[in-house]
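Examining the three-dimensional arrangement
These are the residues of each chain, in order.
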Amino acid sequence: MRWLSERVRVWNNRLGLLAGFYVVLFFVLIARLYFLQIIEAEKYQILSDKNRISFQVLSSSRGSIYDRNGVPLAVNQRSCYS
């Protein structure tokens, strides 16, 4: 029976080390979240605002649309608003 109590003690030591590792990992993740959300919030807010809106003028390349007989249905013309 002594070997059983020795195995239980070893098992409890390993389980304690694993639980300790998870607790440390949890607090590291919480600290990182705090750092990013509270400490660095303004920096990422500015980056987000700069990334949100981007104006680019793109000229579209459109062609005419013809029916099966070759009669144009829609032609490409510049409008007076361009």
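Relevant structure appears above.
Okay, so let's go over this structure.

About the thresholds
Residues numbered from 1 in each chain as written. Predicted model: local features only at pLDDT ≥ 70, side-chain atom pairs only at ≥ 80, totals over all residues. Heavy atoms only, no water. Helix = DSSP H or I, 4+ residues; strand = E, 2+ residues; numbered from the N terminus. Buried < 20%, exposed > 50% of the residue type's maximum accessible area, 1.4 Å probe, protein only. Areas by Shrake-Rupley, 256 points an atom, 1.4 Å probe, with all protein chains shown as cover. Lys, Arg positive; Asp, Glu negative; His and termini not counted. Charge placed at Lys NZ, Arg CZ, Asp CG, Glu CD. Phe/Tyr/Trp six-rings, centres within 6.5 Å; stacked < 30°, edge-to-face > 60°. Salt bridge = Lys/Arg side-chain N within 4 Å of Asp/Glu carboxyl O.

The next point concerns the overall build of the protein chain. The helix and strand tally for the protein chain stands at 2 helices and 2 strands. Seen in sequence order, the protein chain has helices and strands lined up from the N terminus as α-α-β-β. Summarising its shape, the C-alpha atoms of the protein chain cover approximately 100 × 40 × 10 Å along the three principal directions. Taking all 82 residues of the protein chain together, the buried fraction comes to 1%. As displayed, the protein chain offers around 8,600 Å² of accessible surface, 61% of which is attributable to carbon and sulfur atoms. Across the protein chain, the 11 positively charged side chains and the 5 negatively charged ones have centroids separated by 9 Å.

To continue, consider the packing of aromatic side chains. For the structure shown, the criterion picks out 2 aromatic pairs. Note on F21 and Y22: the rings are 5.9 Å apart at their centroids and 50° apart in plane angle, and the pair reads as tilted. For the ring pair F26 and F27, a centre distance of 5.6 Å and an interplane angle of 70° mean the geometry is edge-to-face. F26 sits in the partly exposed class, given a relative accessible area of 49%. Note on F27: relative accessible area 54%, which makes it exposed.

With respect to the secondary-structure elements, Q77 resides in the segment after β2 (72-74). The exposure class assigned to Q77 is exposed, which follows from its relative accessible area of 66%.

All right, on to the pattern of salt bridges then. Here the structure, examined in full by the defined rule, presents 2 salt bridges. Note that R9 and E6 form a salt bridge whose closest N and O atoms lie 2.5 Å from each other. In this pair, R9 and E6 both sit in helix α1 (residues 2-39), 3 residues apart, roughly one turn of the helix. Relative accessible area serves as the criterion here: at 35%, E6 is assigned to the partly exposed category. Between K43 and E40 there is a salt bridge, and its shortest N-O distance comes to 3.8 Å.

Keep in mind these numbers describe shape, not what the thing actually does.
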